[in-house]
2 protein chains.
Amino acid sequence: MVERRKPIGVAEAVKKVMQYQIKTEIETVAIEQSYGRFLAMDLVASHDVPAFDRSPYDGFAIRAEDTESASSDNPVSFEVVGEIGAGYVFEDEVKPFQAVRIMTGAQVPAGCNAVVMLELVKELEVEGKPTILIKRLFKKGDNISFQGEDTQKGTILVKKGTEINPGIVALLATFGYPTVSVAKKPVIGVIATGTELLDVDQPLEPGKIRNSNAYMIMAQIERAGGVAKYYGKLDDDLEACLTATKQALEEVDMLITTGGVSVGDYDYVPAILKELGAEVLFNKVAMRPGSVTTVANLGVKMIYGLSGNPSACYVGFELFVRPMMRRAMFNNAPHLRKSKAVLGVDFPKANPFMRLVRARVDYQDGKLVASPSGVDKSGIVSSLGGADCLLLLPGGTRGYEKGMSIDILLLEDSQGSEWPWDNIVASYK
Amino acid sequence: MVERRKPIGVAEAVKKVMQYQIKTEIETVAIEQSYGRFLAMDLVASHDVPAFDRSPYDGFAIRAEDTESASSDNPVSFEVVGEIGAGYVFEDEVKPFQAVRIMTGAQVPAGCNAVVMLELVKELEVEGKPTILIKRLFKKGDNISFQGEDTQKGTILVKKGTEINPGIVALLATFGYPTVSVAKKPVIGVIATGTELLDVDQPLEPGKIRNSNAYMIMAQIERAGGVAKYYGKLDDDLEACLTATKQALEEVDMLITTGGVSVGDYDYVPAILKELGAEVLFNKVAMRPGSVTTVANLGVKMIYGLSGNPSACYVGFELFVRPMMRRAMFNNAPHLRKSKAVLGVDFPKANPFMRLVRARVDYQDGKLVASPSGVDKSGIVSSLGGADCLLLLPGGTRGYEKGMSIDILLLEDSQGSEWPWDNIVASYK
C-alpha cells in the first residue's frame, strides 16, 4: 500500500537537521598542507607588523632635521657612513649629516627618522668619502614603515572556522606557524542502492543505468571539505543494505544512501532506519526536486536517504549535508551563500513546492543574472555540469518571468551564509 | 649605479608572457580522483539518455488507447499482469486492458505507451486477480521519459579543458568513464631569496621577517590547479642562487623566485637570468603593487622574478603565472574572471600606474560591490586573508570615488576569462 507522507518546508527541514551535531575533531598539519582546511583556532598576530621600523624603499636613512635648509639651490650634503641590506642591522649610531644606504625592508638605523628614496639623491665622492646631496626638506617619519602600523601584536587576524586561502597561509607563515591546528575533515560514507544500477565500468544493459550519484556525491563531499568513503553499490536487498549500513556507520560521521527513498515497493531505507533505531527527522520535503528526501539521526551520526534522481540527490546534499560538514569544521556560515539575482529566462511552470533549479550565474554589467543550466527535469544529468548556483523559486500557483529579482544559492563559493532560508521571494522591483 | 628600467603596460606584459607555451601532458586518473582536474578530452555522450523509454514515476504502464472511454463515472479496469522494478525488463507483451506495475526509472514494457501514477489509480482484486481502475484519459507518451530526450548519443557535453566539478563527475559516471583523461598538473618551483628572511619555524630576530611569500605562492599554485615544489629559502648569494635555479629548472615547468628583483644592490635575479641565457620579456610593469616584476623564458620553461613584497608577489602570480598554468591544462579561459562592480569606498590616491587592489566582493541586492580588504600598502599582509578579488583602477592623475563602476578580477572563481585586459575603465554611469 502507498505510504502517505507529510511534506515539511525547506527551511524547517534544514533547521531540524541543524539541531544535531556531529563529532568535531582537531588535527595539526604542516603549513604546506593547510590550504583549503578550516582553522581550528583564531589566528593571532604573534608580533607587531612591521616588527621594527623599516624602509619601504631602497634609499638612504637620515635624520630629517638635517634637511631643514635643503632646496634645489642649496643641496645639503651627507656623508654615507655605511650600508645595510634587508636582514642586517646597522650597529652604530648615525650622527648629524650622516646617511646610511638602506635596502627595501631593512631596519631603520638608530638615530635616523626618515628615508630618502634612491632616485631623489645625487651620489658623489667628496674627499674620497661617499657622499649624497639632498635637495629638499624631509619630515620626521617620511618613508618609514613604523613598527606595528600594519598590525599590532595580539590582534585576531582570522577567526576560527575560516577556510584557509593563500592570503591566510601568508599570515600563518608571517606569524610563525610551521604547523596549523585545523578541523579534521568529516568522513562521509556513501552507499548507492538500486538493482537498476550498473557500475561505471560495466557495459549498458537493457533497463539499467550506470551509478552516477555515488561518484557525484563523492566530489560534492570533497568540494565541501570532507573525505568520502565509498561502500559500493548495493542491490535492492534489505539484509545486505542493513549489514552494509551498520558497518559503514562504525567508520563515518555521516552516511548517505542514494536511491531507495521513494514509495516504491523496493525502497528499503525506511525499514533500515527503523531497524537501526534511528530517529527520522522527516521523509518528505516541500521542494522540487528532492521531495522524497529522508534525514535521520543516530547519536552523533546522521543518516541521509537522498533520492536516486541525480538532481534531487545533488540538491539534497548541498542543503542538508554540506552545512553539517562545515559547521563541524567550526565554520559559522555553513550554508550556501545566498544572493539576489535577475532571472535570465521565463520559468512558466508553477509548482506548489519550492523549486531549486540548477543554474549558471553570469555577471552582466555588475549585476548577477542567473539562468537554468539545462532543462530542469527529473533524471536529467546533462545540466548538472554547467551549474554553479541554484535558483530558489518559491512554491505557488504562478510561474516566474525573465527579469524578476530572485534569490540564488552559490555552489562554488567558500564564503557561505549563516542562514539563507528567511525571506525567499521572487518579485518585480 | 641605479639601473633605469622602462615599464610596460599590464596588458602588454600579460600578452608577452602568453606568447610562450609550457609543456602540456596528459594522464589518466580514476573517476574518484578526477574532481578539480582539467579534462584532456571532450566528454561525449556514449549513449542516449535515457538509454531506453523509462518511467519517471512509480505507477502502472498501460496502452493509452485503452483509456479512451475512461472517466470518473466510467472507470476502466485493467488487469495487472506483472510488475517490474528499476533494472528489470518485462519480457512479455502487454495486451489490451492489461497493466504492469512499474517502478521509478524502470523500462516501459513493449506494447505500453503511457504510465499512470500510483496516486491516480484504485487498486483492487477482481476474481482473484490484481486489478486497477483508471478514471481519466491518458495520451500516448504520458509520463514516459523517451530514449534520447535528454541527450543524444554523440553529443559533446563538456569541452576539453573544463575543470571537473561534481556535475561533470556525474556525467563521467553516467557515460561509463571509470578512468578519465586529464591534464597533468604543471609543476611549479618556488625559491625565496633574501638575507632578511627567517624560516617559518625560526624566532624573530632584529631586522628580519619570516618567509611568507613562498608558502603563499604554494597555496596559490594549488588553488590554480598545479603542484608546488619548494626549493627553500636562499641567502642573497649569487652562486648559491644560480646553482639552485639550475637544479630546479631541471625538475619543473615554471620557476618562481620571490625577492631579489628590485634595483637594490643585493638583487641577483637579473644576473642569474643572464647567466642562464634566459630571454627577459620585461623587468618592469606599469602597475602597483608589483612594478618590479620580471618574467623570462628559457625554451619550454618560464622563470618569474616576483617582488619580495607580499601583495606584489600575490598579484604577480595571479596575473602572469596562473594563466600559463591553466592554459597548459587546455583551459581556454585561463585568466581571472572579470566583472564590473561598484566601488564600495573612496580611493582618493592617484597613481600613474594601474592599481590592483586586494578587495572583497559583496553581493548587495543583486549587484557586485567591491571594497579593499585592508589598507593597501606595500608590505602589508594582513589584508590578504580577506581578499577574494582585485580591483583594477586604471593609472591616471585622479583618484576614484565610492559608487563608481569599476572592473574587478575574481580570485576564487573557476570559470575564468579568455582575455580580461581590454577596456579597463572606471566611470560613473
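Criteria and cut-off values
Residues numbered from 1 in each chain as written. Chains lettered and ligands numbered in written order. Predicted model: local features only at pLDDT ≥ 70, side-chain atom pairs only at ≥ 80, totals over all residues. Heavy atoms only, no water. Helix = DSSP H or I, 4+ residues; strand = E, 2+ residues; numbered from the N terminus. Rg over C-alpha atoms; globule rule 2.2 N^0.38 Å. Buried < 20%, exposed > 50% of the residue type's maximum accessible area, 1.4 Å probe, protein only. Contact = heavy atoms within 4.5 Å. Areas by Shrake-Rupley, 256 points an atom, 1.4 Å probe, with all protein chains shown as cover. Buried area = accessible area lost by both parts, 1.4 Å probe. Salt bridge = Lys/Arg side-chain N within 4 Å of Asp/Glu carboxyl O. Polar contact = N/O pair within 3.5 Å; in protein donor to acceptor, adjacent residues only side chain to side chain. Nonpolar A, V, L, I, M, F, W, Y, C, P; charged D, E, K, R; others polar. Axes fitted to C-alpha atoms, helices over the stretch in contact; angles between N-to-C directions. Parallel < 35°, antiparallel > 145°, perpendicular 65-115°, else oblique. Left-handed = near helix turned anticlockwise from the far one by under 90°. Pairing = 2+ DSSP bridges. Domains from an automatic or database assignment. Phe/Tyr/Trp six-rings, centres within 6.5 Å; stacked < 30°, edge-to-face > 60°. Lys NZ or Arg CZ within 6 Å of the ring centre and 35° of its normal. Least-squares fit on C-alpha atoms with pLDDT ≥ 70 in both. Expected span 1.5 Å × (residues − 1).

**Some points on the overall build of chain A**
A count of helices and strands for chain A gives 6 helices and 24 strands. For chain A, whose C-alpha radius of gyration is 31 Å, the value lies well above the compact-globule estimate of 22 Å for 429 residues. When the backbone C-alpha atoms are referred to their principal axes, chain A occupies close to 105 × 50 × 40 Å. Sorting the 429 residues of chain A into buried and exposed places 58% on the buried side. Counting contacts in chain A only where the partners sit at least 6 residues apart, residues at least 24 apart contribute 72% of the total. Here chain A displays about 17,200 Å² of accessible surface, and carbon together with sulfur accounts for 48% of that area.

**What about the interface of chain B and chain A?**
Reports often express the size of an interface as the amount of accessible area lost when the parts come together. Of the residues lining the interface, 94 residues belong to chain B; the matching set on chain A comes to 94 residues. A combined buried area of about 7,600 Å² lies between chain B and chain A, and 58% of that area is made up of carbon and sulfur atoms. Counting across the interface, chain B meets chain A through 0 salt bridges. Applying the counting rule to chain B against chain A returns 15 residue pairs in polar contact (both at pLDDT 80 or more). Secondary structure elements with two or more residues in the side of chain B that touches chain A: helix H2 (166-174), strand S13 (209-210), helix H3 (213-224), strand S20 (337-343), strand S21 (354-364) and strand S22 (367-372) of chain B. Ranked by residue count, the leading element in the side of chain B that touches chain A is H2 of chain B, at 9 residues. Grouping the constituent residues of the side of chain B that touches chain A by class yields 42 nonpolar, 25 polar and 27 charged.

**Notes on the packing of helix H4 (residues 238-251) of chain B against helix H5 (residues 269-276) of chain B**
Residue and element names in this part refer to chain B. Orientation of H4 relative to H5, taken along the N-to-C sense of each, is 55°, at an axis distance of 10 Å. Relative to H5, H4 is oriented oblique. Taken as a pair, H4 and H5 cross one another with a handedness that is right-handed. Contacts from Leu-238, Cys-241, Leu-242, Thr-245, Lys-246 and Leu-249 in H4 reach Ala-271, Ile-272, Glu-275 and Leu-276 in H5.

**Overview of the pairing of strand S7 (residues 121-126) of chain B**
All names here are of chain B. Here 6 bridges tie S7 to strand S8 (residues 129-134), and the two strands are oriented antiparallel to one another. Following the sheet pairing, Leu-124 is matched in S8 by Thr-131. A loop of 2 residues connects S7 with S8, the two strands running antiparallel in sequence, and Glu-127 in this loop sits at a positive phi of about 50°.

**Overview of helix H2 (residues 166-174) of chain A**
All names here are of chain A. With 9 of 9 residues buried, H2 is to be regarded as a mostly interior element. Along H2, the residues that are buried comprise Pro-166, Gly-167, Ile-168, Val-169, Ala-170, Leu-171, Leu-172, Ala-173 and Thr-174. For H2, the N-terminal cap is Asn-165; the gap from its side-chain oxygen to the backbone nitrogen of Gly-167 is 3.0 Å. Note on H2: the residue one or two positions beyond its end, Gly-176, has a positive phi of about 75°.

**Details of the packing of helix H3 (residues 213-224) of chain A against H2 of chain B**
For the pair H3 of chain A and H2 of chain B, the least separation of the axes is 8 Å and the interaxial angle reads 160°. If you check the angle between H3 of chain A and H2 of chain B, you find them roughly antiparallel. Relative to H2 of chain B, the crossing made by H3 of chain A is right-handed. Contacts from Tyr-215, Met-216, Ala-219, Gln-220 and Arg-223 of chain A of H3 of chain A reach H2 of chain B at Pro-166, Val-169, Ala-170 and Ala-173 of chain B. A per-class count over the contact of H3 of chain A with H2 of chain B returns 7 nonpolar, 1 polar and 1 charged.

**A closer look at the domain arrangement of chain A**
Examined at the domain level, chain A breaks down into domain 1 (10-25 + 185-328), domain 2 (30-47 + 153-183), domain 3 (59-134) and domain 4 (337-410). Its C-alpha centre places domain 2 of chain A at a distance of 36 Å from the equivalent point of domain 4 of chain A.

**Some words on the pattern of salt bridges**
Residue and element names in this part refer to chain A. Following the criterion strictly, the structure yields 24 salt bridges over all chains and no others. Linking Glu-65 and Arg-63 is a salt bridge whose minimum nitrogen-to-oxygen distance equals 3.9 Å. Take Arg-63: its relative accessible area is 18%, and that puts it in the buried class. Arg-223 serves as the salt-bridge partner of Glu-412, at 3.4 Å between the closest nitrogen and oxygen. Highlighted residues: Glu-412 in the segment after strand S24 (405-410) and Arg-223 in helix H3, separated in sequence by 189 residues. We classify Glu-412 as partly exposed; its relative accessible area is 32%. One salt-bridge network, in which partners are shared between bridges, spans Arg-223, Glu-318, Arg-322 and Glu-412.

**Concerning the packing of aromatic side chains**
Counted by the stated rule, this structure contains 6 aromatic pairs over all chains. Aromatic pair Tyr-215 of chain A and Tyr-230 of chain A: ring centres 5.6 Å apart, planes at 55°, arrangement tilted. Taken together, the residues Tyr-215 of chain A in helix H3 and Tyr-230 of chain A in strand S14 (residues 227-234) connect sequence positions 15 residues apart. Its end group placed over the ring of Phe-330 of chain A, Lys-160 of chain A keeps NZ or CZ at 4.6 Å from the ring centre. Just above the ring of Phe-138 of chain B sits the side chain of Arg-136 of chain B; from NZ or CZ to the centre is 4.2 Å.

**Re the relation of the copies chain B and chain A**
Under the fitted operation, chain B is carried onto chain A by 0.0 Å of movement along the axis and a turn of 180°, and the coordinates agree to an RMSD of 0.1 Å. Both chain copies can therefore be described as sitting about a two-fold axis. It is Lys-367 of chain B whose C-alpha, among those of chain B, lies nearest the rotation axis, at 2.2 Å. In this assembly the copies share their binding face: 100% of the residues contributing to the interface of chain B also contribute to that of chain A.

**Considering the sheet that holds strand S19 (residues 301-306) of chain A**
Residues and elements named next belong to chain A. Strand order in this open sheet of 6 strands is S14-S11-S15-S19-S18-S16, and the pairing throughout is mixed. Edge strands, defined here as strands with exactly one partner in the open sheet, are S14 and strand S16 (279-282). When strand polarity is set aside, the average angle formed by the axes of neighbouring strands in this sheet is 20°. In this sheet, strand S15 (residues 254-258) lies alongside strand S11 (residues 187-193) in parallel orientation, the contact comprising 5 bridges. Residue Ile-188 lies in a different strand from S15, and its bridge partner there is Met-254.

**Remarks on the sheet that holds strand S8 (residues 129-134) of chain A**
Residue and element names in this part refer to chain A. With respect to topology, 6 strands assemble into an open sheet ordered S6-S3-S5-S4-S8-S7, the strand pairing being mixed. Every other strand in the sheet has two partners, leaving strand S6 (114-117) and strand S7 (121-126) as the edge strands with one partner each. Across the sheet, the mean angle from the axis of one strand to that of its neighbour is 40°, orientation sign disregarded.

**Some points on helix H6 (residues 310-328) of chain B**
All names here are of chain B. For H6, with 19 residues, the first-to-last C-alpha span of 26 Å sits near the 27 Å given by 1.5 Å per residue. In terms of residue burial, H6 counts as a mostly covered element, since 18 of its 19 residues are buried. The backbone nitrogen of Ser-311 lies 2.8 Å from a side-chain oxygen of the residue at the head of H6, namely Asn-309.

**Section: the environment of Met-41 of chain A**
Residues and elements named next belong to chain A. Counting through the fold element by element, Met-41 comes out in the loop between strand S1 (26-30) and strand S2 (43-44). For Met-41, a relative accessible area of 18% corresponds to the buried category. With 119 residues separating them along the chain, Met-41 and Lys-160 place their C-alpha atoms 4.5 Å apart. For Met-41, the contacting residues outside a window of four places in its chain are Val-158, Lys-159, Lys-160, Leu-172, Tyr-177, Val-180 and Ser-181.

**Let's talk about the environment of Val-115 of chain A**
Residue and element names in this part refer to chain A. In this fold, Val-115 is placed in strand S6. Residues Val-115 and Phe-38 lie 77 residues apart in sequence; the distance between their C-alpha atoms is 41 Å. Discounting residues that sit within four places of it in the chain, Val-115 has contacts with Ser-55, Gly-59, Phe-60, Ala-61, Ile-102, Val-108, Phe-138, Asp-142, Asn-143 and Ile-144.

**A few points about unusual backbone geometry**
Residues and elements named next belong to chain A. The step from Arg-288 to Pro-289 runs through a cis peptide bond, and the omega angle for that step is -5°. The phi dihedral of Asn-423 falls on the positive side, at around 55°, and the residue is not glycine. Relative to the assigned elements, Asn-423 resides in the segment after S24.

**Some thoughts on the environment of Leu-171 of chain B**
Residue and element names in this part refer to chain B. Note that Leu-171 resides in helix H2. By relative accessible area, Leu-171 is classed as buried at 0%. Counting along the chain gives 14 residues from Leu-171 to Leu-157, while the straight-line C-alpha distance between them is 8.3 Å.

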